[in-house]
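# Remarks on the overall topology
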Amino acid sequence: MDGFLWFIRISALITIVVGITGSIQNLMAGEGLSAVQWRDLVISSTTTGLMYGLIALGYSMVYGVLGFINFAHGEVFMAGSMVGFIAATLLFENGFWDANPFASVLFVLVISMITSTTVAVLVERIAYKRLRNSPRLIPLITSIGVSFFLQYAFAGLFGVASQSYPPAPGALSEDVIIFGVPVQGTRVLVFVVAMVSMVGLWYFVTRTKSGRAMRAVAEDKEIAGLMGIDVDRTIVVTFAVGGAMAGVAGLLWALLFRVVDFQTGFLPGLKAFTAAVLGGIGNLPGAMLGGVLLGLFEGVGPLLVLDGLGIPAVSQLKDAVAFAALFLVLIFRPSGLLGERVGSEDRA
Amino acid sequence: MSNFAFNRRVGLIAGIAMSFTAGIGMIENFNKRVLIDPFLLMGYVVLLGIPIMVGVLAARGEPNPLEEPVRDSRAGAIAGLIAGLFAGLLTSAFVLVVDSFEMTEFFPNMRPAMVDITTFGFGVPIGLLVLTLASGMAGALGGFIFGRSESVRRGIAQASVWVLGFALFEGVVNDVLEIDPLLDVIYALNGGLQPWSAMAIGALAWWVSGRFRGRSRALVEKVQSADRWSGIRWGAYAFAGIALLFPLFVLGGIVNELLINVMFFVLLGLGLNIVVGYAGLLDLGYVAFFAVGAYGTAVLTSPLSGVINPELTWWVALPIVLALAAIAGLLVGTPVLRMRGDYLAIVTLGFGEIVRILLLSDWLTPIFGGAQGVRQIPGIPFFGTEISGIDPQFFIYFTMFFVALAGYISYRAERSRVGRSWAAMREDEDVAEATGISTIQAKLLAFVTGAIVASFAGSLFAAKVGVIFTNSFDVLVSIIILVVVIVGGMGSIPGVALGAFVLIGILGGPKSQGLLAEFAQYKLLIYGALLVFMMLKRPEGLLPSVRRSRELHLDELEQDAWLEKGGEFGADESAEAKT
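None of these values were measured; they are calculated from a predicted model.

### Focus: the overall build of chain A
For chain A, the helix and strand inventory stands at 14 helices and four strands. For a compact globule of 348 residues, the expected C-alpha radius of gyration is about 20 Å, and chain A comes in at 21 Å, within 12% of that figure. Here the C-alpha coordinates of chain A stretch approximately 65 × 65 × 40 Å along the principal axes. Within chain A, the fraction of its 348 residues that count as buried is 56%. By sequence separation, contacts in chain A at least 24 residues apart represent 76% of the contacts at least 6 residues apart. Of the side chains in chain A, 20 bear a positive and 21 a negative charge, and the two mean positions are spaced by 8 Å.

### Here's the deal with the interface of chain B and chain A
Of the residues lining the interface, 62 residues belong to chain B; the matching set on chain A comes to 63 residues. Taking both partners together, chain B and chain A bury about 5,400 Å²; carbon and sulfur atoms supply 78% of that area. For the interface between chain B and chain A, the tally reads zero salt bridges. At the boundary of chain B and chain A, one finds two residue pairs in polar contact (both at pLDDT 80 or more). Listing elements by their share of the side of chain B that touches chain A, those giving two or more residues are helix H1 (3–23), helix H15 (314–337), helix H16 (341–360), helix H20 (429–434), helix H21 (439–465), helix H22 (475–488), helix H24 (523–537) and helix H25 (546–552) of chain B. Among the elements that make up the side of chain B that touches chain A, the one with the highest residue count is H16(B) (13 residues). Split into classes, the residues belonging to the side of chain B that touches chain A amount to 42 nonpolar, eight polar and twelve charged.

### Section: the pairing of strand S2 (residues 175–178) of chain A
Residues and elements named next belong to chain A. Pairing between S2 and strand S3 (residues 181–184): four bridges, direction antiparallel. The residue bridging Asp 175 from the neighbouring strand is Gln 184, located in S3. Between S2 and the antiparallel strand that follows it, S3, lie two residues; Phe 179 among them carries a positive phi value of about 50°.

### Let's talk about a positive patch on the surface
Together, A:Arg130, B:Arg60, B:Arg71 and B:Lys537 give the surface a local cluster of positive charge. Inspection of the secondary structure assignment puts A:Arg130 in the loop between helix H5 (101–128) and helix H6 (137–158). Owing to a relative accessible area of 55%, A:Arg130 belongs among the exposed residues under this scheme.

### Structural notes on unusual backbone geometry
Phi is positive for A:Arg258, close to 65°, though the residue is something other than glycine. Here A:Arg258 shows up in the loop between helix H11 (231–257) and strand S4 (259–260). One non-glycine residue with positive phi stands out, namely B:Glu311, at about 50°. In this fold, B:Glu311 is placed in the loop between helix H14 (286–301) and H15. With relative accessibility at 47%, the residue B:Glu311 sits in the partly exposed group.

### Regarding the environment of A:Val300
Residue and element names in this part refer to chain A. Note that Val 300 resides in helix H13 (residues 284–306). Residue Val 300 is classed as buried on the basis of its relative accessible area of 13%. Along the chain, Val 300 and Ser 45 lie 255 residues apart, while their C-alpha atoms are 7.6 Å from each other. Other than its neighbours up to four places away in sequence, Val 300 contacts Trp 38, Leu 41, Val 42 and Ser 45.

### Looking at the packing of H6(A) against H22(B)
Their axes nearest at 12 Å, the elements H6(A) and H22(B) cross at an angle of 125°. Looking at the two axes, H6(A) sits oblique to H22(B). In the crossing of H6(A) with H22(B), the sense of the turn from one axis to the other is left-handed. Contact residues: H6(A) offers A:Ile141, A:Ile144, A:Phe148 and A:Tyr152, while H22(B) offers B:Leu476, B:Ile479, B:Leu482 and B:Ile486.

### Thoughts on the pattern of salt bridges
All names here are of chain A. If you walk through the whole model with that rule in mind, you get 14 salt bridges over all chains. Between Lys 129 and Asp 232 there is a salt bridge, with the nearest N and O atoms lying 4.0 Å from each other. Of this pair, Lys 129 sits in the loop between H5 and H6 while Asp 232 sits in helix H11, and the two are 103 residues apart along the sequence. A relative accessible area of 32% places Lys 129 in the partly exposed class. The exposure class of Asp 232 is partly exposed, given its relative accessible area of 30%. Lys 271 is the salt-bridge partner of Asp 319, the closest N and O atoms lying 2.6 Å from each other.

Thresholds, definitions, all that
Residues numbered from 1 in each chain as written. Chains lettered and ligands numbered in written order. Predicted model: local features only at pLDDT ≥ 70, side-chain atom pairs only at ≥ 80, totals over all residues. Heavy atoms only, no water. Helix = DSSP H or I, 4+ residues; strand = E, 2+ residues; numbered from the N terminus. Rg over C-alpha atoms; globule rule 2.2 N^0.38 Å. Buried < 20%, exposed > 50% of the residue type's maximum accessible area, 1.4 Å probe, protein only. Contact = heavy atoms within 4.5 Å. Lys, Arg positive; Asp, Glu negative; His and termini not counted. Charge placed at Lys NZ, Arg CZ, Asp CG, Glu CD. Buried area = accessible area lost by both parts, 1.4 Å probe. Salt bridge = Lys/Arg side-chain N within 4 Å of Asp/Glu carboxyl O. Polar contact = N/O pair within 3.5 Å; in protein donor to acceptor, adjacent residues only side chain to side chain. Nonpolar A, V, L, I, M, F, W, Y, C, P; charged D, E, K, R; others polar. Pairing = 2+ DSSP bridges. Patch = residues over 30% accessible without salt bridge, like charges linked within 9 Å, V, L, I, M, F, W, Y side chains within 5 Å. Areas by Shrake-Rupley, 256 points an atom, 1.4 Å probe, with all protein chains shown as cover. Axes fitted to C-alpha atoms, helices over the stretch in contact; angles between N-to-C directions. Parallel < 35°, antiparallel > 145°, perpendicular 65-115°, else oblique. Left-handed = near helix turned anticlockwise from the far one by under 90°.

The structure is reproduced here in structure tokens:
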């Protein structure tokens, strides 16, 4: 078995090295993208990655506390952006959207955060709460069911057609010059909001009582309960905070890509999980780092590696590259970049 | 007692459910179908079926495992009435909101037509009252029935199941009976049962339920306790076999197609059952192996496939394809199976997506045809004839043979050394490892076996349809196979077959319609809800495997043992030793 694993590892490495050399040769020959295009690609991949990171936080927190993958987290994100869509459209039709861009973005942000939080907490109360002590497969399958139920409930309520968000308000759609590099306003917003949320989350987890309770529950549920921590409440708080982060990502996603539908949550959710594993699941800075790395990997990877292998139309393979990243992580460093050792109980 | 609060709570939950079904357009769509001419429409059955069920719940009171619920039809009817009224009030409030605001911009189904239907055509102020009262009456009815004696309840349940069955499966009954005068008596001209034929069917079902009460169970017990080789047992098997084959002779073409679909899902379900049910590994990319089988066969056999074009016959292509699937299974399984179980779910899901993306990509289009798919896949040569989708009857027999084979192999595998190590691993991996089981090998074996079964199904699928596209290999397929296994019963072979028949046959598969075409639009919603419901209420499935269900209810069994011992503290250790 080990020999086979090494075989896979080495072939993966060889493929990557050959790909990169090929791409570098292409670059030397003056083919492919120009330097400015590469720079823009890196910027846009990073912002996409930041959103993966925000979603990944929810996966990571729930995983840390309950030890299972909340498959429905992608749908929590989708719920935020779908309901945010109503608010944004109403504001847009009133003319408020363009008149007070920041106030309206803030308003929609609050709406989508509230929605996502509500959905996350409701799902926990209705579905997961009763499964605390069941075999580990059970909550996982439940969360898959919840995920599909939510997707098609939203499809039923909102219709299956894609909804387009109103265009980003004036000030945001213009380019901002940062260090001499023009960056699209929405991307700056994504960066700023992601950073603020991250700092807020860090403060919450390390400095507040609920955050400490959360870490204690993640460490050991039973003992935390014995120490007087309300475990149930802490779990709800975990879902709520994870949901809020997904709501933030939901709005940012919608502002950036402007199209949302009931399946919006599926792929980003999957990729965010990949990001969480990449950074080391259960580790919050790791989730953010994993998100950014995954964004870069799927943005730059196809051009850097696959192009060099002589594969045509590499941008089609973006999603495949993102999932291949998950494979690579599991082959080379299953505990993730910032994750701790994989203990015996984690291996189950 | 806090009965009122409980009734109010279940009533409000029912109200949410009613508003939701109305809000997603379910009531409106279902109402296009007449069940009993002219008054009973399918949408209303759903809308008012919810308060009826809630009436039963309200009459039963808060679930208490230590006490039998009190059956009193008057108190039950009152409890049901309260719950039903609350449900109706909430729904009316929802309908009022929909009526007062223009929301179709965001919620396309919340439109005047919906208001019209939910108010039974009476319009807003009066119709809301009608809705509330109807819901209250439905709740009272549910509570009332709950309070009646067992024979009455059984009679009503049987009667409504049969009437609904005859009404819902009108098309099938039409196909089977084919005696026009009789059909004209049963069904109205524009669809739906005639009122008095509905009454006749109901009365007959009631009478039969009273007449044969308990006898069917006695028969089942007799068969089960019979000797392995005794006549009665073989008689039962023969009867079951004939009952299974019977539809093939009488049913028309549409149902044949449906049966083939069901067979595919039985086969896929049996394969996934080895992975999920026996080894306890969650494989969400199962469709990828199905795709490997289908595309492998297509490329190897079709004269129109791209660069690789050997034009083999199906029988030669099959072993190559199975080997490919096994290799794919090894490649995916080896790195992941040593990780925690839940990683496998996501990695396999990712793998499924990778396969789909690759099949669609420009890069591999020369081989797999991209969005064009692979065309002209020949059928299966078989003693001079060719088995393909053109002759569905023959194809069903052919598939059925392999389904039976897969069932037999699963049955033997579960009872073999490997099967026992899977069971041990499922229950406690560390202990299993300590007793000398190589868990990674056991997992890998299950995973690869599942992959081979799926690719086999894919190979059959390619030969049947003759042309394959990537959209037959969506993630949804994996999820639906999973639902089939879960609903039927993890680890239970008859359960998987039942799950496939019920879900794929009635509600429909990923791309195909089931017998109830009305559900096509909502089946995925229902599948999701079913998955959650089964996990919460009956994780062992409809036809559980004895062993699996014991594992899933370990806590309760321990509790029972503890209670039996008199419920003393300190007695639980000895009880544990006993189980």
